[in-house]
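Geometric and topological summary
So the chains spell out like this:
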Amino acid sequence: MLLKSLLVRVRRFISVTDENPELLKAQFEVFSSQVPLMYAIMLISAWALAITFIDSAPPLLAIYVPVFFTLVCCIRIIGWLRSRHIVPTIEAARKALTRTNLFALLIGVAITAWSLSLYPYGDPYMRGNIAFFMAITGVGVIICLLQLRSAAFMVAIIINIPFVLYFSFSGIPSFIGMAINTFLVSGALLMVVAVQFRHFAAAVDARTRLETVNEENFRLANHDSLTGLTNRRKFFYNLTETFYDARAKGQRLAVGIIDLDGFKPVNDLYGHVVGDSLLGDVGRLLVSLADRNMLVSRLGGDEFALIIRDCGSDSDLLAKGEQICTALRSPFVLADATVQISGSIGFSTFPHLADNVHELYERADYALYHGKRTNRGHAFLFSIDHVVEIEQSSRIEQALRNADLDRELSVVYQPIVDIKTRKTRAFEALARWNNPVLGNVPPALFIPVAERAGLVGGLTRIILEKALVTAASWPEDVGLSFNLSTQDICSPDGAVRIVGTIMASGIDPQRLDLEITETAMMYDFARAKTAIETLKTLGCGIALDDFGTGYSSLSQLHALPLTKIKIDRSFVSDIDKNPASYKIVKSLLALSRDMGLGCVVEGVETREEMDTLVSLGGQLAQGYYYSHAISEAEIDAFLPNTVVAISAEKRTVAAQ
Ligand code: C2E
Ligand code: CA
Ligand code: CA
């Protein structure tokens, strides 16, 4: 039993196992440069010995055996040198090391047998040379096989034991001394081998662990853990690589940036777990739609990106984009809910629309941002018109930063009229900017620029202060409707600043309606909701502007403390001709009645439109049919005409 377990241990000790594959590979790596050296040492020593025996020993021993050795050693040297730059498989490394073990055994036996068989043919000096050859070869081989403990031990035992025994019984004191010496030195050397081998194995182990940690760090640094896609950092790395490649090959390259619409409300309403699994599903969907030329990454939040090498024509690109948008619109069945969102994509291409990496990305982003404002849920391609817009925006931004806004901003007021009584119930404050350099800049241009540049908070304060001062002079039953931008209600201190301005004005907050857009709700539902609740507590009304153009669902509306909705003018412009618009306005009016909300119909321009609204039971209206926006000075003259229809009709005619 004891013997059996001892044999098993010895076997384990001398065999090459694949228990530790990394160790095998490291041994192979070291050996591929060390083993040829070992064979070279053996050859040189063997010939140095053989030559001294040429005249005395038979040719078989003095010539043929060394020649045979040389052949075998050369084959092995060539074999190892050829595998020097190969990264072996674990199996190949194991086989090569097992072969080394076997050869170590055979060569040990052969050298011992050969050296001892030369012994009878030599004089005392030549015998001394044999002893020296065996001792030095043994030591040299052990050192060269340091990293393969089994081979080192085998060679030590096979060469040294016969050597020590043979020379101990030679009866010659100096040989006996040499045998004892070699025995002790080899023993010590084997202990060194055992220790060094442990160090070597430990060092390989440490290196393997370090590599694993490095790999993990690399993966974490370049991948998004939620979706498993490459992250923003890797996206830019890949984009740069692909860009230079495309430029060298003269290929077209496209960048697509995808932004989800309606993701934030899902996150807010159903929680982060549902939000996370939705992002995971979106990632998988995008990957399933990608071909081998398309790389999908997640840039962060609900933003994804595509790199499309060798992309087809613009229309191919847009068709692919629309395919993705259509897929994103289909419902996502998650564990806790089935949700529906949509996504928009902005594309830009090299070399036609951008000529460097930065521009490719920025322009795709621009196409997305601008496309989304007019037609969410679709694919957009950056165009030359956008270049003009970008230049215009940067001029506007520059001017906004340098402007004396207190002086240059003014407010005009458009009446909101009771459809039945024709009485002006409120005025909507609309900003006007007259800049000495740019002249009159419409709000539809400068408000979005101010929003993007983070300047809108300052503008809101100035416009609101001016509007509140003006409204304070109106009769008590005439209200003020004021537009807030996304940043006003989504920035942490935006709502607080607005509350401060309203309270400082001394006006009754009940006379004030604050208009917010769906975009603000989409941007950050939770924060917008908190801000709106704060403003509502103050007593202000909250109106949802441009209703019907976005994606607000009923459940979202219910979650907000709204008091009014404003039906977007796009539905009203052809209400008397287009049955679809008619139906939409009809259902929105019914919806607002059911929810107990006030409803303003925007953009009423003609008598026919107004008549249709009357027939549908509309409550409040606003538009050129009643009046354009008028200046503060014109209000006094306007207000006494509580019934505004006649003058409005005149105004409309005048406007045409
Ligand atoms: P909005 O809030 O939808 O404002 C209504 C816009 O429609 C105004 O354009 C108004 O002049 C125009 N409008 C009114 N009646 C009619 C009509 O019958 N037909 C047509 N075609 N248009 C009509 P305006 O003043 O150019 O303002 C454009 C947008 O700029 C506003 O859209 C609003 O989103 C934004 N805006 C204006 N003033 C401010 C402000 O003080 N703060 C913020 N955040 N946004 C503002
Ligand atoms: Ca408005
Ligand atoms: Ca509006």
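For clarity, every value in this text was computed on a predicted model and none was experimentally measured. (Residues numbered from 1 in each chain as written. Chains lettered and ligands numbered in written order. Predicted model: local features only at pLDDT ≥ 70, side-chain atom pairs only at ≥ 80, totals over all residues. Heavy atoms only, no water.)

1. Some points on the coordination of the calcium ion (ligand 3)
The cut-off we apply is this: Each metal's donors comprise the N, O and S atoms found within 2.8 Å of it (within 3.2 Å for Na, K or Ca). Water is not part of the atom list, so some coordination spheres may appear incomplete. Working definition: helices are DSSP H or I runs of at least four residues, strands are E runs of at least two. Numbering for both runs from the N terminus. Three exposure classes are used, based on accessible area relative to the maximum for each residue type with a 1.4 Å probe and protein chains only: buried under 20%, partly exposed in between, and exposed over 50%.
Within the protein, the calcium ion (ligand 3) binds to Asp545 (OD), Asp546 (OD), Glu602 (OE) and Glu602 (OE); these donor distances fall in the range 2.2 to 2.5 Å. Along the chain, the residues donating to the calcium ion (ligand 3) fall in the pattern D-D-x55-E. The metal-metal distance between the calcium ion (ligand 3) and the calcium ion (ligand 2) is 3.8 Å, with Asp545 coordinating both. Remark: Glu602 occurs in the loop between β15 (598-601) and α24 (607-615) and Asp546 occurs in strand β13 (residues 541-547); sequence separation between them is 56 residues. On the basis of relative accessible area, Asp546 is assigned to the partly exposed category, the value being 26%. Assessed through its relative accessible area of 10%, Glu602 is described here as buried.

2. What to know about the pairing of β13
Our working definition: At least two bridges found by DSSP between two strands is the condition for calling them paired.
β13 sits mainly inside the fold: 6 of its 7 residues count as buried. Sheet analysis places strand β12 (residues 512-516) next to β13, joined by 4 bridges and oriented parallel. Bridging across to β13, Glu515 finds its partner in Ala543. The pairing of β13 with strand β14 (residues 564-567) spans 3 bridges and is parallel. Along β14, the bridge assignment pairs Phe547 with Ile567.

3. Some words on the domain arrangement of the protein
Defined as follows: A domain assignment, automatic or from a database, supplies the domain bounds used here. Buried area is calculated as the accessible area (1.4 Å probe) missing from two parts once they are joined, with the contributions of both summed. A pairing counts as a salt bridge when a side-chain nitrogen of Lys or Arg comes within 4 Å of a carboxyl oxygen of Asp or Glu. Identification of polar contacts relies on pairs of N or O atoms within 3.5 Å, with a donor-acceptor requirement for protein atoms, meaning one able to donate a hydrogen and the other able to accept it, and with residues adjacent in sequence counted only if both atoms are side-chain atoms. Gly counts as polar in this scheme, as do all residues outside two lists: the nonpolar Ala, Val, Leu, Ile, Met, Phe, Trp, Tyr, Cys and Pro, and the charged Asp, Glu, Lys and Arg.
Here the protein is partitioned into domain 1 (10-215), domain 2 (232-382) and domain 3 (403-651). Relative placement of domain 2 and domain 3: their C-alpha centres are 34 Å apart. Carbon and sulfur atoms make up 60% of the area that domain 2 and domain 3 hide from each other, which totals about 1000 Å². Applying the counting rule to domain 2 against domain 3 returns 0 salt bridges. One can count 1 residue pair in polar contact (both at pLDDT 80 or more) joining domain 2 with domain 3. Looking at the side of domain 2 that touches domain 3, the elements that each hand over two or more residues are α9 (263-270) and α12 (357-374). Grouping the constituent residues of the side of domain 2 that touches domain 3 by class yields 4 nonpolar, 3 polar and 5 charged.

4. Some thoughts on the sheet that holds strand β3 (residues 303-309)
What counts here: Axis definition: a line fit to C-alpha positions, over the contact stretch in the case of helices; interaxial angles, taken between N-to-C directions, run 0 to 180 degrees. A contact between two residues is defined here by any heavy atoms of the two lying within 4.5 Å.
Spatially, 5 strands are ordered β2-β3-β1-β6-β7 in an open sheet, and the strand pairing comes out mixed. With one partner strand each, in any of the chains shown, β2 (294-300) and β7 (379-381) form the two edges of the open sheet. The mean inter-strand angle of the sheet, taken between neighbouring strand axes irrespective of direction, is 20°. In terms of strand pairing, strand β6 (residues 342-350) meets β7 through 3 bridges, oriented parallel. Paired with Phe347 across the strands is Leu381, a residue of β7. Its contacts with the sheet put helix α8 (residues 232-249) on β1 (253-261), β2, β3 and β6, and the angle it makes with β3 is roughly 20°.

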